[in-house]
Amino acid sequence: MKRRNLLRALAIGAPLATAGAVGAGIAAADTANFKVIVTEQVANKVFVFDKNKAFTNANAYKSWSPGTGGWSNLSDCRIRDTAQFGAIGLAAASGGKVGIWNITDEKDQELNDVLWSATPGGNPHALERIPNLGAFVSASSDGFLTVYAPTKISDPSTLAKVQTVSLAGAHGVVWDPNNSLLWASGDKIVQAYTVSGTYRNIRLKASSKKVTLSGLGHDLQPDFSNSSLMQVSDSYGVYSINKSSLAKTTLHTTTRIKAYVKMSTGEYFYVRGDNAGSRDWGSPTVVFSQSADQTRSGAEFYKARYYTTAYN
């Protein structure tokens, strides 16, 4: 059975709901013809594509190229909304860097569009924004979260490291607007953190809310079909977690899922590490459950996201 059909056969349905978003040029609703933002590690770029058009340079809606060095092997991308800049892009790179860039009308963006960057080290895999506080939290797979906080919320140049929190195998991090919690995935765990303080006094504290995984946690994302849920992948599958009850439901038992998103339409898409080539954690293909798969020859996709500013 093909991997795509295997995932479809194992999928468990969920109630449908509409996910909203804010920001010029960014998805305002979850529809059948949505855009996807991906990290591609060979070109080392973030691309935005219409999911129904071939993932070629000619079809790219937007791109961002930060260069190499600390930006090599881009490992995360997402879009968030701010009062000062509108939509911004968030990125993490296994080369050591995390940062944000301004999403403008320019189609092809570069390092000069960066608003802020930092070097948490330890193989950064994800970066998230805490809304209304102007703070950012990165997850590094060497085993820690790093909190960056500003002296002026509207000025990212004032961000500085204020806290490091140990979390073995930290890979994913996502804000939960329903419960005002930050969730992070690590080695055999998804852990929730409370956020306290303002400006440089912002701190994370592990809460009693946590869910056990069977393997190393990878991607951690909202469920756009149900705001009370989130999706997490680990070494052995993909799971739905109820953010209130902490109930965990197995969605798929396919291994090495590096990115997974479920839409309100019921469609889901993912990247599976193909265990081949020099980047065996990536794949040239983004798989869609209700649409044609998109393969870019010679590419190594690692993360794929819904192009929206919504946390859901």
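Owing to the predicted nature of the structure, the values given are computational and were not obtained by experimental measurement.

A. Examining the overall build of the chain more closely. A tally of helices and strands in the chain yields one helix and 24 strands. A compact globule built from 312 residues would reach a C-alpha radius of gyration of about 20 Å, and the chain, at 18 Å, matches this within 12%. The principal-axis extent of the C-alpha atoms belonging to the chain is close to 55 × 45 × 35 Å. Per-residue burial for the chain yields a buried fraction of 56% across its 312 residues. Within the chain, contacts between residues separated by at least 24 positions form 51% of all contacts whose residues are at least 6 apart in sequence. Carbon and sulfur atoms make up 48% of the accessible area of the chain, which amounts to about 11600 Å² in all. For the chain, the centre of its 32 positive side-chain charges and the centre of its 23 negative side-chain charges are spaced 5 Å apart.

B. Broad picture of the packing of aromatic side chains. The tally for this structure, following the rule as stated, stands at 14 aromatic pairs. Each ring, one from W116 and one from Y148, has its centre 5.1 Å from the other, and the planes form 65°; the classification is edge-to-face. Here the residue W116 occupies a position in strand 8 (residues 114-118), and Y148 occupies one in strand 11 (residues 144-149), the gap between them amounting to 32 residues. Residue W116 is classed as buried on the basis of its relative accessible area, which comes to 7%. The exposure class assigned to Y148 is buried, which follows from its relative accessible area of 5%.

C. View of the sheet that holds strand 4 (residues 74-82). Spatially, four strands are ordered 4-5-6-8 in an open sheet, and the strand pairing comes out antiparallel. Strands at the two margins of the open sheet, each flanked by one partner only, are strand 4 and strand 8. In this sheet, neighbouring strand axes are inclined to one another by 15° on average, regardless of whether the strands run parallel or antiparallel. Of the strand pairs in this sheet, strand 5 (residues 86-93) and strand 6 (residues 98-102) are connected by five bridges, and their pairing is antiparallel. Within the sheet, the bridge partner assigned to A91 lies in strand 6 and is G99.

D. Looking closely at the pattern of salt bridges. Here the structure, examined in full by the defined rule, presents seven salt bridges. Residue K243 is joined to D176 by a salt bridge in which the shortest nitrogen-to-oxygen separation is 3.2 Å. Of this pair, K243 sits in the loop between strand 18 (237-242) and strand 19 (248-252) while D176 is found in strand 13 (residues 172-176), placing the two residues 67 residues apart along the sequence. Neither K243 nor D176 differs from the other in exposure class; each is buried. Close ionic contact of D219 with R305 constitutes a salt bridge, the shortest N to O distance being 2.7 Å. In this pair, D219 sits in the loop between strand 15 (203-216) and strand 16 (220-222) while R305 sits in strand 24 (residues 301-306), placing the two residues 86 residues apart along the sequence. It is possible to trace a salt-bridge network through shared partners that takes in D76, R78, R80, E128, D219 and R305.

E. Fine view of empty space enclosed by the protein. Applying the stated rule across the entire model yields three cavities of 30 Å³ or more. Estimated volume of the largest cavity: approximately 70 Å³. In this structure, the largest cavity is lined by R78, I79, R80, Q221, P222, F224, R305, Y306, T308 and A310. Put simply, the parts of the chain that give the lining of the largest cavity at least two residues each are strand 4, strand 16 and strand 24. When residues in the lining of the largest cavity are grouped by element, the largest group, three residues, is from strand 4. Residue classes in the lining of the largest cavity are distributed as five nonpolar, two polar and three charged.

F. Up close: the layout of surface pockets. Here the largest pocket defines a volume of roughly 190 Å³. Lining the largest pocket are 17 residues, with T82, Q84, R129, I153 and S154 positioned closest to its centre.

About the cut-offs
- Residues numbered from 1 in each chain as written.
- Predicted model: local features only at pLDDT ≥ 70, side-chain atom pairs only at ≥ 80, totals over all residues.
- Heavy atoms only, no water.
- Helix = DSSP H or I, 4+ residues; strand = E, 2+ residues; numbered from the N terminus.
- Rg over C-alpha atoms; globule rule 2.2 N^0.38 Å.
- Buried < 20%, exposed > 50% of the residue type's maximum accessible area, 1.4 Å probe, protein only.
- Contact = heavy atoms within 4.5 Å.
- Areas by Shrake-Rupley, 256 points an atom, 1.4 Å probe, with all protein chains shown as cover.
- Lys, Arg positive; Asp, Glu negative; His and termini not counted.
- Charge placed at Lys NZ, Arg CZ, Asp CG, Glu CD.
- Phe/Tyr/Trp six-rings, centres within 6.5 Å; stacked < 30°, edge-to-face > 60°.
- Pairing = 2+ DSSP bridges.
- Axes fitted to C-alpha atoms, helices over the stretch in contact; angles between N-to-C directions.
- Salt bridge = Lys/Arg side-chain N within 4 Å of Asp/Glu carboxyl O.
- 1 Å grid on protein atoms, 1.4 Å probe; cavity = no way out; pocket = protein on both sides within 12 Å on 5 of 7 lines; lining within 4 Å.
- Points joined across faces, edges and corners; volume = space filled by probe spheres on them.
- Nonpolar A, V, L, I, M, F, W, Y, C, P; charged D, E, K, R; others polar.

That's the geometry; what it means functionally is another story.
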